[in-house]
Structure formats: C-alpha cells, structure tokens
Amino acid sequence: MAVVHLAGTDDFPVFGGGTLTPNATDHMGRYGQDVRSMLLTMEFLEGFRSAYTPEPDAGRLSLSWAETDFASFVPASAETLATQVNLVRYYLDQRSDRGAEIVAQTGGVTEFFAPIIALPAARSKHLTELLQFVQHLAGLCSMPAKHALACRRPDELDSRLVPLIPTPSHGSLPSGHATQAAAISTVLVALLEAADPGISHVAERRDMIHATGHRIAVNRTVAGVHYPIDSAAGFTIGINVGRIIAALGQNADAELLKFSFDPNDTAAQGADFILRDAKALFDPASTTPIAGVSVERATVAKPSADSKFAWLWSRALDDINHLRASA
C-alpha cells in the first residue's frame, strides 16, 4: 500500500498496450517452453486417432492423422515372438561396446544427434526445444499401439535374457525409442533440406542422422528390452510423426507414408532390423521397404489456419543455418 500511495492514486489511463491480438502465433514467444510444448501437443493430437478393430484371429491397430491412416499393425503371434527372442540373444555380446550409450539413452536421445549438425546448446536453443518436443510427441504416439498390441518383453519369454537396464512396464511392440529416433531423424533431415542452400555436407549429415536413429533403436535390442520387429514397427510410426511435424512447421501439406506391418509374415518372423532396413523405411520411393511391411503414399491437406508449429520451426531453422558455408 505504501508503494501504491507513493505512485499516486489517480485512475489508470487507458492505452493500446493493454490488449493482445487473440489467437496469434506470435504469442508463442511470450510463453515458456513447457507451455509451448502443451500447445503444440494439443494441436497435433486434434488430428491424431488410434483405433483397434477386432478380427477373427487377433485384430488390427491403426494410427491416423487428419483421418488418414499412416501405420497399422497386427499383434505378434507366439510363434513370431519365439523366433524373435532367439535374435535378441545374438545381440548380448555387444553390451560391452554399447553399454554406456544404452544407459545414457534411457533418459532421452536428442543429444545423440547434436554432434552431427555441430550444434552446441549455446547456439541451438530453439532447435533443441523442437527436438525435445518431437521426442515427447513420438513417445505419446507409440503408447496406443503398445497398449493395443499387448506384446510381452523378451525377458518375460526367456529368463536368460537378463536386461541391461530396467525393463519398462509397458508393452514391447512397437519400440518407443525407435519411434522417437525415427521421428527426430525425419525432422532433422527435413530441416537440413529446408535450410540455406549453402549448408555444408547435407547428404553426409543425412546419412549419419539415419544411421544414428537406427543405432538408437538397435541399442534397445542389445539391452534386452526389445525385439527387432519392435524397431521396425516404431520406425513406421516415427517417420510419419516427423513428416507431420515438418509439414505443420512449414504450413504445408503432409506427405505421409502409409505403412502396414504384419510381424507374423513368414519373412518378417525371423527378420532382423539392420541399417539397410532403416534406410528403406526412410526412403519415400521404396514400394516394398522390408519384410512384412507394405507402403502407400498419401497427401494430407495442411490445416486451414496457421500452425503454431511454424513459430518454433522457423527459429530452429535459424539455428541450423549456422552451417552455411558463408557464415
């Protein structure tokens, strides 16, 4: 009250700065990162749906955005898991080489991509925020599939597969880490392609980004908490989540790859998930990417209003443009 009296008790004058433009994307800069993340999550989820359709044998789970299916799966059979669990054992001897990575990646994977684009945290605030959001959203999108497909973890089937890390409580198929790694890879490559033409070594950086995404996925098999089919399924979700985010960020139509995955396909049952498979899924021109997976292409019209994603995307693009040859 003393401060108020010192300032005077006259009526407060009316002036134009008291109001803000309703529903303006520019307000994103006024918010904290946590608020932006909530707003972006809600915008994405307005178009996201999951649906489980019972079928005579086991049923089918479909994920869609803007009423367009982008990934569908059938549950893995007991025969498929019996074959896959044998593959997991083959990875145990890699734990001494990958153990530190595996433990570090339990808390997130975004920092494993940063060295590829030479971005320390000091000059990549918005790009780091975007990638952290992509990781968060991709993880959310994998959960309906984990719930519906209800796949037991490898150590539940084979007691010899003692996991290197604590086994998560949710289902194994699809892999959330693979989903996140594929989504981040897709967004990073889209940023490089949208960046200044003077960016150095774009093709080489793209290949390293894809290889890093694959390695993160495989690390979960080395850890003993995922089957190779989990990584393949996660990539089919993550690639499309990344494509949708990139489209929203550029206020453009989304070019989706409509994947359908049957892990019980004869060839898929015993299939590993190697780098060649990851590259085939990333490739929009591939018509038969890997065993058990079919793909079609679909274009989803951009939202009628400006997307809030555009605010963060443009600033992340500014961060990545430091790689210009003339910078």
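Residues numbered from 1 in each chain as written. Predicted model: local features only at pLDDT ≥ 70, side-chain atom pairs only at ≥ 80, totals over all residues. Heavy atoms only, no water.

1. Focus on the environment of Q180
Step number 1: Tracing the backbone through its elements, the reader meets Q180 in helix α7 (residues 176–194).
Step number 2: Given a relative accessible area of 14%, Q180 falls into the buried group.
Step number 3: It is 7.2 Å that separates the C-alpha atoms of Q180 and V134, two residues lying 46 residues apart in sequence.
Step number 4: Not counting the four nearest positions on each side in its chain, Q180 is found in contact with Q135, A138 and G139.
Step number 5: Engagement of the side chain of Q180 in a polar contact is seen with the backbone oxygen of Q135, the distance being 3.1 Å. (Helix = DSSP H or I, 4+ residues; strand = E, 2+ residues; numbered from the N terminus. Buried < 20%, exposed > 50% of the residue type's maximum accessible area, 1.4 Å probe, protein only. Contact = heavy atoms within 4.5 Å. Polar contact = N/O pair within 3.5 Å; in protein donor to acceptor, adjacent residues only side chain to side chain.)

2. A look at the environment of I102
Step number 1: Structurally, I102 is set in helix α4 (residues 95–105).
Step number 2: Here I102 falls in the buried class, since its relative accessible area comes to 2%.
Step number 3: With 114 residues separating them in the primary sequence, I102 and I216 have C-alpha atoms 8.1 Å apart.

3. Focus: the sheet that holds strand β1 (residues 48–53)
Step number 1: The five strands lie next to each other as β1-β2-β3-β4-β5, forming an open sheet whose pairing is mixed. What marks the edges here is a single partner per strand, and that holds for β1 and β5 (293–300). The mean inter-strand angle of the sheet, taken between neighbouring strand axes irrespective of direction, is 25°.
Step number 2: Direction of pairing for strand β2 (residues 60–65) relative to strand β3 (residues 68–73): antiparallel, over a ladder of five bridges. Note that in β3 the partner of L61 across the bridge is F73.
Step number 3: Contacts between helix α9 (residues 228–249) and the sheet are confined to β2, β3 and β4 (254–261), with β4 contributing the most and set at about 165° to the helix. (Pairing = 2+ DSSP bridges. Axes fitted to C-alpha atoms, helices over the stretch in contact; angles between N-to-C directions.)

4. Let's talk about α9
Step number 1: Over its 22 residues, α9 runs 32 Å from end to end, which matches the ideal 32 Å to within 8%, given 1.5 Å per residue.
Step number 2: Summarising burial for α9: 21 of the 22 residues are buried, a large majority.
Step number 3: Once α9 ends, the next one or two residues include N251, with phi positive near 50°. (Expected span 1.5 Å × (residues − 1).)

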